[in-house]
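A look at the structure
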Amino acid sequence: MPRMTMIEAIRDAHAVKMAEDEDVVVFGEDVGYFGGVFRCTAGLQETFGKNRCFDAPINESGIVGTAIGMAAFGLRPVVEMQFADYVYPAYDQIVSEAARLRYRSAGDFTCPLVVRMPTGGGIFGGQTHSQSPEALFTHVSGLKTVVPSNPYDAKGLLISAIEDNDPVIFLEPKRLYNGPFDGDHDKPVTPWSKHPLGEVPEGRYAIPLGKAAIRREGSALTVLAYGTMVHVAEAAADALGIDAEIVDLRTLVPLDVELIEASVKKTGRCLVVHEATLTSGFGAELVAVVADACFYHLEAPIVRVAGWDTPYPHAQEWDYFPGQARVGGAMKRVLEG
Amino acid sequence: MDGRLKLHVPEPEVRPGGTPDFSGVKIAKAGSVRRPPVDVDPAEIRDMAYSIVRVLNRAGEAVGEWAGTLTDEELLAGLKTMMRVRAFDRRMLMAQRQGKTSFYMQCLGEEAIACAFRKALEPGDMNFPTYRQQGLLIADDYPLVDMMCQIYSNRRDPLKGRQLPVMYSARKHGFFSISGNLATQFVQGVGWAMASAIKGGDRIAAVWIGDGSTAESDFHSGMVFASTYKAPVVLNIVNNQWAISTFQGIAKGGSGTFAARGLGFGIPSLRVDGNDYLAVHAAAKWAVERARRNLGPTLIEWVTYRAAAHSTSDDPSAYRPKEESDAWPLGDPIKRLKNHLVLRGAWSEERHVQAEAEVDAEILAAQKEAESHGTLHTGPKPSVRDIFEDVYEVMPPHLRRQRQKAGV
Ligand SMILES: Cc1ncc(C[n+]2csc(CCOP(=O)(O)OP(=O)(O)O)c2C)c(N)n1
Ligand SMILES: [Mg+2]
């Protein structure tokens, strides 16, 4: 089976869908000729022509706005925001338009659209190349929000997102593009080629939206995580020898409440981890869901680990990033609580 | 000059209590502006962004190179369409006053723009309208009863009670769902047109925006994408002089005209008498042909006047003289087309009075039928279950649970 980085897997998902469905078009800033600043669309213009993959003006609201019109026409646009940090100019088009088109027109018009964007920190990108804005999208009815944590999932989830008939926000943890970064920034990241989830089948396969995965089975506590934090939590549990069950949510909306509930009822303890800022973060939603579904099974308070409620700093990146020490410490607290 | 800076805040020439004076508004004589070939180099018609295309002169004659795009029968049909729009607006305004709905917006004085424009389009073309283009639907014979049921949010509301009155959606009639967030549709329509070009079809888009809303980023985004990709789209600015209480100078700033906004983008840009049914149709045809022949976008500023209040929630006497509407130099579109047809011997005062009665009866009958399906506060309503439908194609589990909780 071919081995791919997350970048290659994402590129391959585009290529598979573009070959299969003439209505799939791809555009964004530097996306066409050059193939994207992270190379996620490299070669697509050459293979599928300028009509199907092209460069866009630096205008995020225009990119999403035109994509909505294309989707209403009957195409399946997949657009790239160069960084999640630059999605805000397009926020109105996403929230007021894409998310509500089906509803407000009672199905007269629909919006099969994917908005991809690299998310998260760990690359010394400072406050404008590091943010994790997922909660701004999970709060919006009508959107689906996806965060893959590995190449295999990235391809299968992106294919599902493109095939979905509703708008999907697809957040790609950029620190995972080249390997399963576990928070240990002093050692080089293991390449995906050495990780089982770097094995990516050729051709089409889909991972359904709304289904979480158990990355590591355990009985001492449940860790709810997504994106980069899945690998950080795994490493922290390994380092401390904690029998943690690590749930990779993969899709935040719709959320796999069933799997979460089963896991927390089994372990009786729950830790919620994300890189995004704490207050009103998606973790708050997860805590509420667990409290609602599992309250009488809980043996300890639910704990959250998240980014500090500050802008993402540059020099102090590793003091901001919730690494193994913070995640591991929180695991111990949940076990002691 | 005391050497200190001072902020410039544009003000209209007159406020309530003052005497409206439009003598300073430059209006080209009917027939005086040339009709260039559709494949003209945009650089050669930059002056047209500052002039104004007009066909009907003060005497009611159709003059100049833009005249002659419509037969007498088509003009008569256009007149009746505008009359239907006006009568429809009148009845729905009254219905709102009677508490049968929450809100209404008229297009009084602007009827010619949407009605004549619609006639320049083909089936399959798509408008991305604002809330003031009800004429597009009525000119395309969209059922009046369905429009009213939407306004009443009743059981037969095609939009299931979800949208504010007048925010219609009618794909089959080339009418994109209205958002309510200003200007968002302007750039979406450009994308729709790009999609049509990507697919290599022959369908074009027409996007609509008000003078005030041209200040939104989405207007500029639309212009960028339309010019970059030469999208097959007609970019319409309806300059009705007002944006609620704000006069057009606040959005326009130092620019000479709204049409001139197109010049920096290299987009052919026209200004057109929006109260002249013949001029609207001729200019629309020109722009539509350009789009269909893959010659790219055209920007048109339709010069008109919002004769009524912004909406049923607005009272314009607080910010503009009552007499301003009558002083408006481009007149009333229905009267002007009527006079033209009378002059041609195709119409008469008697037939006009009779037609008015017929139109009123038609609207009244439609209203009766619509009200038999309920109004906002009385009679059958859309189902509460409908709150949860159409958020997604397939209802996800969390919505299913919430619907259960709601007990529906
Ligand atoms: C994004 C946004 N901002 C503000 C409003 C409130 N609003 C509704 S209509 C309007 C005036 C628009 O004026 P114009 O664009 O000239 O159109 P007109 O009403 O004259 O047809 C305003 C400010 C809105 N609906 N959407
Ligand atoms: Mg206006």
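Since this is a predicted model, take the numbers as computed values, not measurements.

Things to note about the domain arrangement of chain B
Domain annotation for chain B reports domain 1 (42-311 + 319-377) and domain 2 (384-408). Taken over C-alpha atoms, the centre of domain 1 of chain B sits 37 Å from the centre of domain 2 of chain B.

Some thoughts on the sheet that holds strand β6 (residues 269-273) of chain B
All names here are of chain B. On the basis of which strands lie adjacent, the open sheet formed by five strands has the order β1-β2-β3-β7-β6 and parallel pairing. Either end of the sheet is taken by a strand with one partner, and the two such strands are β1 (126-128) and β6. Taken over all neighbouring pairs, the strand axes of this sheet differ in orientation by 20 degrees on average, direction set aside. One ladder, built from five bridges, connects β6 with strand β7 (residues 298-303); its direction is parallel. Bridge pairing in β7 places Leu-270 opposite Ile-300.

Some points on the packing of helix α5 (residues 184-199) of chain B against helix α6 (residues 217-228) of chain B
All names here are of chain B. Packing of α5 against α6 brings their axes to within 7 Å, and their N-to-C directions diverge by 20 degrees. Classified by the angle their axes make, α5 and α6 are roughly parallel. Where α5 crosses over α6, the handedness of that crossing is left-handed. Across the interface between the two elements, Thr-184, Phe-186, Val-187, Val-190 and Met-194 of α5 pack against Asp-218, Phe-219, Ser-221, Gly-222, Met-223, Phe-225 and Ala-226 of α6.

What about the pairing of strand β9 (residues 244-248) of chain A?
Residues and elements named next belong to chain A. Where burial is concerned, most of β9 is hidden: five out of the five residues are buried. By the alternation rule, side chains of β9 split into Ala-244, Ile-246 and Asp-248 and Glu-245 and Val-247, which are all buried. Sheet topology places strand β7 (residues 213-216) next to β9; three bridges connect them, and they run antiparallel. What sits directly across from Ile-214, in β9, is Val-247. By the bridge criterion, five bridges tie strand β8 (residues 221-225) to β9 in an arrangement that is parallel. Bridge pairing links Val-223 to Ile-246 in β9. Following the backbone out of β8, through helix α8 (residues 228-240) and into the adjacent parallel β9, one traces a crossover that is right-handed.

Points about the side chain of Gln-185 of chain B
Residue and element names in this part refer to chain B. Among the structural elements, Gln-185 can be located in helix α5. Given a relative accessible area of 7%, Gln-185 falls into the buried group. In this structure the side chain of Gln-185 is engaged in a polar contact, spanning 2.6 Å, whose partner is the backbone oxygen of Trp-208. The contacts of Gln-185, once residues within four sequence positions are left out, are Phe-128, Pro-129, Thr-130, Val-207, Trp-208 and Ile-209.

Quick word on the site of ligand 1
All names here are of chain B. Taken together, 15 residues form the shell around ligand 1, and within it Tyr-131, Arg-132, Asp-211, Ser-213 and Trp-242 come nearest. Between ligand 1 and Ser-213, the relevant distance is 2.6 Å, taken from an oxygen atom to a side-chain nitrogen or oxygen of the residue. Contact distances for ligand 1 include 2.8 Å between an oxygen atom and a backbone N or O atom of Trp-242. Grouping the constituent residues of the shell around ligand 1 by class yields five nonpolar, seven polar and three charged.

A look at the coordination of the magnesium ion (ligand 2)
Residues and elements named next belong to chain B. Every protein donor of the magnesium ion (ligand 2) is listed here as Asp-211 (OD), Asp-211 (OD), Asn-240 (OD1) and Trp-242 (O), and their distances to the metal cover 2.0 to 2.8 Å. Viewed at the metal, the six donor atoms of the magnesium ion (ligand 2) are separated by angles of 45 to 174 degrees, and the geometry they form is irregular. Between consecutive donor residues of the magnesium ion (ligand 2), the sequence gaps follow D-x28-N-x1-W. A residue pair is termed long-range when its members are at least 10 positions apart, and Asp-211 in the loop between β2 (205-210) and α6 and Trp-242 in strand β4 (residues 242-243) qualify at 31 residues. Given a relative accessible area of 1%, Asp-211 falls into the buried group.

A short note on helix α7 (residues 151-163) of chain A
Residues and elements named next belong to chain A. The end-to-end C-alpha distance of α7 is 18 Å, a good match for the 18 Å that 13 residues give at a rise of 1.5 Å each. In terms of burial, α7 is a largely internal element, 11 of the 13 residues being buried. The backbone nitrogen of Tyr-152 lies 3.2 Å from a side-chain oxygen of the residue at the head of α7, namely Asn-150.

Rules used throughout
- Residues numbered from 1 in each chain as written.
- Chains lettered and ligands numbered in written order.
- Predicted model: local features only at pLDDT ≥ 70, side-chain atom pairs only at ≥ 80, totals over all residues.
- Heavy atoms only, no water.
- Domains from an automatic or database assignment.
- Pairing = 2+ DSSP bridges.
- Helix = DSSP H or I, 4+ residues; strand = E, 2+ residues; numbered from the N terminus.
- Axes fitted to C-alpha atoms, helices over the stretch in contact; angles between N-to-C directions.
- Parallel < 35°, antiparallel > 145°, perpendicular 65-115°, else oblique.
- Left-handed = near helix turned anticlockwise from the far one by under 90°.
- Contact = heavy atoms within 4.5 Å.
- Buried < 20%, exposed > 50% of the residue type's maximum accessible area, 1.4 Å probe, protein only.
- Right-handed = clockwise from strand over helix to strand, strands pointing away.
- Polar contact = N/O pair within 3.5 Å; in protein donor to acceptor, adjacent residues only side chain to side chain.
- Near = heavy atom within 4 Å.
- Nonpolar A, V, L, I, M, F, W, Y, C, P; charged D, E, K, R; others polar.
- Donors = N, O, S within 2.8 Å, 3.2 Å for Na, K, Ca; no water.
- Tetrahedral: all angles 85-135°; square planar, octahedral: opposite > 155°, others 65-115°.
- Expected span 1.5 Å × (residues − 1).

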